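Listed below, chain by chain, are the residues.
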Amino acid sequence: MRALDISVVGATGAVGTALIKLLEKSEIAINRLRLFSSSSGARQFKFRDQTYLVEALRDIGDIADTKTDIAFFCAGGDVSAKWGAPFASQGTLVIDTSNSFRMDPDVPLIVPQVNARSLTVRPPSGIVANPDCSTIQLVRALKPLIATFDIHQIILTTYQAASGMGLLGCKELLNGAEAVLEGSAGPPSERFPVPLAFNVIPQIGEISREGVALEERKLVQESRKIFGMPHLQLTATCVRVPVKTGHSEAVYVEFDDHVRLEQVRELLANEPGVRLYADEIRDGYPTPRFLGDPADVHVGQVRVNPENPRGLWMWVVADNLQVGAALNALLIAQLAIANNLIGEHEDCQVRGSSFRDPCNTLESLGI
């Protein structure tokens, strides 16, 4: 039994900060923690009664100095593309939250509640990809339906928060809102195509020649890979909204046969990590500002299309920094530990528990 050496790259960003807080409360025993910033260092973090200094990634002189058991990459695609493979080459298991490796056939794309069995062996690349935040909440809500029914097509619109663009996205939204309330146009937008304050923007990421934005392509490609359904019919419109944290999705699922609302509600209510708001009058419905447990995917407004008994609507809301990034990355790490995929060593330690049987991994992790 041994404690782990862990690194967090992008420790000062929105996802990195959320991950450090979750890691501190987790059952993972840590021998050494290293925190990296993609640019400047010098910031300090308190972690389990110790103080850690953030190091500047650019100051690393020898790549061998990065060797660790697990490295969480939370600093964006450019940093992951440059540093992910070098970290992995040292025997480190890299868990990457960016878009850099998600569609690489040698990199598993993991949502532990949905496709944990895709991570029963160590990937040849040494890298595991964390899906996009909007994809994670979608596939977690869809999992019991896809497992039970034949799906004809899925159509959705996302309403994504400013924190999807990190701390600078939140700051730009808040500064812009203050400027508008004071009667000023405010500074030009830097993180969004146009100013987000008191606005909605039907574009997230670059738009292709076909008119499809990057976020919309990611939702389709990632969902197909996670479910192992290369021909899944899914189309989306992704919209940025003036919300600080919490992504929402209006999801329309059309089945091959008629669907019973009672059966759908029972499936969602019994799905671990999904909070179903079954009675709109008594329970209301989830909204990003007043979200409950940030570790859950919240589902409400579940209703059969009165014009088409094969169609179902549902409203899906989740904390994009936790469910959509940091928490999912941490669960990937726990799954890898449970399946003894860390480095050349076995019997890695989780405080109070030892996972040795891959067949019992899901039950052990409570997912």
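Here goes a summary of the coordinates provided. The shown structure was predicted, so the numbers you read here are calculated from the model rather than taken from an experiment.

## Comments concerning the packing of aromatic side chains
Part 1: Scanning the entire structure with this criterion turns up 7 aromatic pairs.
Part 2: Seen in terms of ring centroids, Phe47 and Tyr52 are 6.0 Å apart; in terms of plane orientation they differ by 80°. Their pairing is edge-to-face. Summarising the burial analysis for this pair, Phe47 and Tyr52 share the class buried.
Part 3: With a centroid separation of 5.1 Å and an interplanar angle of 65°, the aromatic rings of Phe149 and Phe255 are classed as edge-to-face. Placement of the pair is Phe149 in the loop between helix 4 (133–148) and strand 8 (151–160) and Phe255 in strand 10 (residues 247–255), with a sequence separation of 106 residues.
Part 4: Here Phe255 falls in the buried class, since its relative accessible area comes to 2%.
Part 5: Aromatic ring contacts, followed pair by pair, group Phe36, Phe73, Trp83 and Phe87 into a single cluster.

## Some thoughts on the pattern of salt bridges
Part 1: Counted by the stated rule, this structure contains 9 salt bridges.
Part 2: For Glu271, the salt bridge is made with Lys143, and the minimal N-O distance between the two is 3.6 Å. Taken together, the positions of Glu271 in the loop between helix 7 (261–269) and strand 11 (274–276) and Lys143 in helix 4 put the pair 128 residues apart, joining distant regions of the chain.
Part 3: Taking relative accessible area as the criterion, Lys143 reaches 28% and is therefore assigned partly exposed.
Part 4: Measuring nitrogen to oxygen at the nearest pair gives 3.4 Å for the salt bridge that ties Arg310 to Glu254. Of the two residues, Arg310 is situated in the loop between strand 12 (297–304) and strand 13 (311–318) and Glu254 in strand 10; the sequence distance between them amounts to 56 residues.
Part 5: Judged by its relative accessible area of 26%, Arg310 is partly exposed.

## Examining the pairing of strand 13
Part 1: Of all 8 residues in strand 13, 6 are buried; the element is thus mostly enclosed.
Part 2: Bridge count between strand 10 and strand 13: 8 bridges; the pairing is antiparallel. Each bridged residue has a counterpart across the sheet, and for Val253 the counterpart in strand 13 is Leu312.
Part 3: Bridging between strand 12 and strand 13 involves 5 bridges; their strand directions are antiparallel. Bridging from a neighbouring strand, Val299 pairs with Val316 of strand 13.
Part 4: If you look at the hairpin formed by strand 12 and strand 13, you'll find 6 residues sitting between the two strands.

## Comments concerning the layout of surface pockets
Part 1: Put simply, the largest pocket is a space of about 1,200 Å³.
Part 2: Around the largest pocket, the lining comprises 43 residues; the ones closest to its centre are Gly76, Gly164, Met165, Gly166 and Arg191.
Part 3: Of all the elements in the fold, those that place two or more residues in the lining of the largest pocket are helix 1 (14–25), helix 5 (166–181), helix 6 (214–227) and helix 8 (322–338).
Part 4: Roughly 260 Å³ of volume is contained in the second largest pocket.
Part 5: Taken together, the residues of the lining of the second largest pocket break down into 10 nonpolar, 4 polar and 4 charged.

Calculation notes
Residues numbered from 1 in each chain as written. Predicted model: local features only at pLDDT ≥ 70, side-chain atom pairs only at ≥ 80, totals over all residues. Heavy atoms only, no water. Phe/Tyr/Trp six-rings, centres within 6.5 Å; stacked < 30°, edge-to-face > 60°. Buried < 20%, exposed > 50% of the residue type's maximum accessible area, 1.4 Å probe, protein only. Helix = DSSP H or I, 4+ residues; strand = E, 2+ residues; numbered from the N terminus. Salt bridge = Lys/Arg side-chain N within 4 Å of Asp/Glu carboxyl O. Pairing = 2+ DSSP bridges. 1 Å grid on protein atoms, 1.4 Å probe; cavity = no way out; pocket = protein on both sides within 12 Å on 5 of 7 lines; lining within 4 Å. Points joined across faces, edges and corners; volume = space filled by probe spheres on them. Nonpolar A, V, L, I, M, F, W, Y, C, P; charged D, E, K, R; others polar.

By themselves these figures say nothing about function.
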